[in-house]
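Per-entry structural report
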Amino acid sequence: MGGCAGSQRRLSDSEGEETDPAPRPPLQDRQGAHWKNAVGFWLLGLCNNFSYVVMLSAAHDILSHQRAPGNQSHVDPDPTPTPHNSSSRFDCNSVSTAAVLLADILPTLIIKLLAPLGLHLLPYSPRVLTSGICAAGSFILVAFSHSVGTSLCGVVLASISSGLGEVTFLSLTSFYPRAVISWWSSGTGGAGLLGALSYLGLTQAGLSPQHTLLSMLGIPALMLASYFLLLTSPGSQDLGGEEEAEIAAQQPLINSQATELKPGSSSHLSLRERWTVFKGLLHYIVPLVLVYFAEYFINQGLTSDEHREFAMATACISDTLGISLSGLLALPLHDFLCRLS
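Residues numbered from 1 in each chain as written. Predicted model: local features only at pLDDT ≥ 70, side-chain atom pairs only at ≥ 80, totals over all residues. Heavy atoms only, no water.

For the protein, the helix and strand inventory stands at 14 helices and zero strands. Classification of the 341 residues of the protein by burial places 45% in the buried group. As displayed, the protein has an accessible area near 16,300 Å², and 65% of this comes from carbon and sulfur atoms. (Helix = DSSP H or I, 4+ residues; strand = E, 2+ residues; numbered from the N terminus. Buried < 20%, exposed > 50% of the residue type's maximum accessible area, 1.4 Å probe, protein only. Areas by Shrake-Rupley, 256 points an atom, 1.4 Å probe, with all protein chains shown as cover.)

This is the structure:
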């Protein structure tokens, strides 16, 4: 059933195609689809943020250690000492770990800034595939890196994967029952815990940072399997009963007549319409810069049908902007603290 669902989804990726609504499936089938989508979005949230979290957890190792050529199993046992302020009571690198934070967040910020302008032109499946490849590439590049610069390039790949995946999957939730956003949110939270603990646990157990990173290559594969094999086709979703009553009772964020939802439907919005939608989101985006959790509140509250796909992709810029600002501030703060005796 998974392969068939993947084929249906890839067909639905093609924009502009009209399909007749499918008859309402039996209750048992709907329940099965519900749990497949719930687990699928939880895994997508987990896998999408996993590489981002791991790179932050490995930030000190990335900046402190360089592997000697030919030494692929362990960190160089006698590395060249990294210059730092030995008189400071802080454990300082020559480069602040905020550099890793910025490499891990700025590409995501750029993607989220540009995504509402043209990302909708690319179908979902190629986006997901690109995200998975970048995540795998980040683990490989950092694992085999011999310099901080190369490692930071690997971190950038992780950021591209996370940013592209977040915009894509949050947009995709608009075509599923709204409960999936809670499962996605839970998965991203799980990534913060499991990502950090897995890196710490494996390195403390005796694995080298290189082997630890390589052992995580199964995460991008799991993300691709969750999307292509586990999720059901968006066109087969049934929002009947309580969901229909709830939608009917809600007021749209921006007044518009309801239209049938299809993946890629936001591609028909003009630049003026996109700007109107964006202005309508500003009073949510500003507080979201300060309050990360509120992102998921507003994502569930958008009732904005023909605008929902675009709005979901736009609102997620908030947390990334806040993290980027913190990284920029941390760079001079690191240097100031390390000069203290």
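Here we take up helix α2 (residues 27-57). The terminal C-alpha atoms of α2 lie 44 Å apart, and with 31 residues this matches the ideal 45 Å at 1.5 Å per residue to within 8%. Maximal helix bending in α2 amounts to about 35°, located at F50. (Expected span 1.5 Å × (residues − 1). Bend = angle between axes of the 7 residues up to and from the residue.)

Before going further, it helps to spend a moment on the UniProt feature "transmembrane region" (unreviewed entry) in the protein. Mapped onto this structure's residue numbering, the UniProt feature "transmembrane region" (unreviewed entry) falls at residues 39-59, 98-122, 134-160, 180-200, 212-230, 281-298 and 310-331. A helix fraction of 100% and a strand fraction of 0% characterise residues 180-200, whose end C-alpha atoms lie 30 Å from each other. (UniProt positions renumbered as here; feature names shortened; annotations may be inferred.)

Let us now look at the nonpolar core. F41, L44, L172 and Y227 are the most contacted members of the largest nonpolar core, which totals 39 residues. If you list the elements that add at least two residues to this core, you get α2, α3 (59-64), α4 (98-118), α5 (124-143), α6 (148-172), α7 (179-204) and α9 (218-230). At eight residues, α2 tops the list of elements feeding residues into this core. Residues contacting L44, with those up to four places away along its chain left out, are F169, W184, M223, S226, Y227 and L231. (Core = buried A, V, L, I, M, F, W, Y, C linked by side-chain atoms within 4.5 Å. Contact = heavy atoms within 4.5 Å.)

A separate point is the confidence of the model for the protein. Per-residue confidence for the protein gives a mean pLDDT of 75, with 64% of residues at or over 70. The low-confidence segment residues 240-259 (pLDDT under 50) makes 28 contacts with residues lying over four places distant or belonging to another chain. For the stretch residues 293-303, pLDDT sits under 50, and the model shows 30 contacts to residues farther than four places along the chain or on other chains. (pLDDT = per-residue confidence, 0-100.)

Let's shift gears to the environment of L193. Structurally, L193 can be placed in helix α7. For L193, a relative accessible area of 52% puts it in the exposed group. Sequence separation between L193 and F50 is 143 residues; the distance between their C-alpha atoms is 9.3 Å.

The next subject is the packing of aromatic side chains. Note on aromatic pairs: each is described by the distance of the centres and the angle between the planes. Per the stated rule, a full pass over the model turns up five aromatic pairs. The interplanar angle of 50° and the centroid separation of 5.8 Å between the aromatic rings of F169 and W184 together place this pair among those described as tilted. Taken together, the positions of F169 in helix α6 and W184 in helix α7 put the pair 15 residues apart, joining distant regions of the chain. Relative to Y227, the ring of F169 has its centre 6.4 Å away and its plane inclined at 50°; by these criteria the two rings are tilted. Here F169, found in helix α6, pairs with Y227, found in helix α9; they are 58 residues apart in sequence, far enough to count as distant. An aromatic cluster is defined as three or more aromatic residues linked by ring pairs; in this entry it consists of F169, W184, Y227 and F228. The ring of Y124 is capped by R127, whose NZ or CZ atom sits 4.4 Å from the centre of that ring. (Phe/Tyr/Trp six-rings, centres within 6.5 Å; stacked < 30°, edge-to-face > 60°. Lys NZ or Arg CZ within 6 Å of the ring centre and 35° of its normal.)

Applying the stated criterion across every chain, the model contains one salt bridge. We note a salt bridge from K112 to E166, for which the minimum N-O separation is 2.8 Å. Residue K112 is located in helix α4, and its partner E166 is located in helix α6; the two are separated by 54 residues in the primary sequence. What makes E166 buried here is its relative accessible area of 5%. (Salt bridge = Lys/Arg side-chain N within 4 Å of Asp/Glu carboxyl O.)

Glancing now at the packing of α2 against α6. The angle between the axes and the distance between the axes are what describe a pair of packed helices. The N-to-C vectors of α2 and α6 enclose an angle of 155°; their axes lie 8 Å apart at closest approach. With respect to α6, the axis of α2 lies roughly antiparallel. Like other packed secondary-structure pairs, α2 and α6 cross with a definite hand, here left-handed. Across the interface between the two elements, F41, L44, N48, N49, S51, Y52 and M55 from α2 touch V155, A158, S161, S162, G165, E166, F169 and L172 from α6. Of the residues in the contact of α2 with α6, the class split is eight nonpolar, six polar and one charged. (Axes fitted to C-alpha atoms, helices over the stretch in contact; angles between N-to-C directions. Parallel < 35°, antiparallel > 145°, perpendicular 65-115°, else oblique. Left-handed = near helix turned anticlockwise from the far one by under 90°. Nonpolar A, V, L, I, M, F, W, Y, C, P; charged D, E, K, R; others polar.)

Looking now at the environment of A225. Mapped onto the secondary structure, A225 falls in helix α9. Since its relative accessible area comes to 30%, A225 is described here as partly exposed. As a C-alpha pair, A225 and G40 span 185 residues in sequence and 9.1 Å in three-dimensional space.

Before going further, it helps to spend a moment on the side chain of S162. Tracing the chain through its elements places S162 in helix α6. Taking relative accessible area as the criterion, S162 reaches 4% and is therefore assigned buried. Dropping the residues within four chain positions of it, S162 is found in contact with N48, N49, Y52 and T108.

By the element assignment, A103 lies in helix α4. The spatial distance from the C-alpha of A103 to the C-alpha of C153 is 7.8 Å, given a sequence separation of 50 residues.

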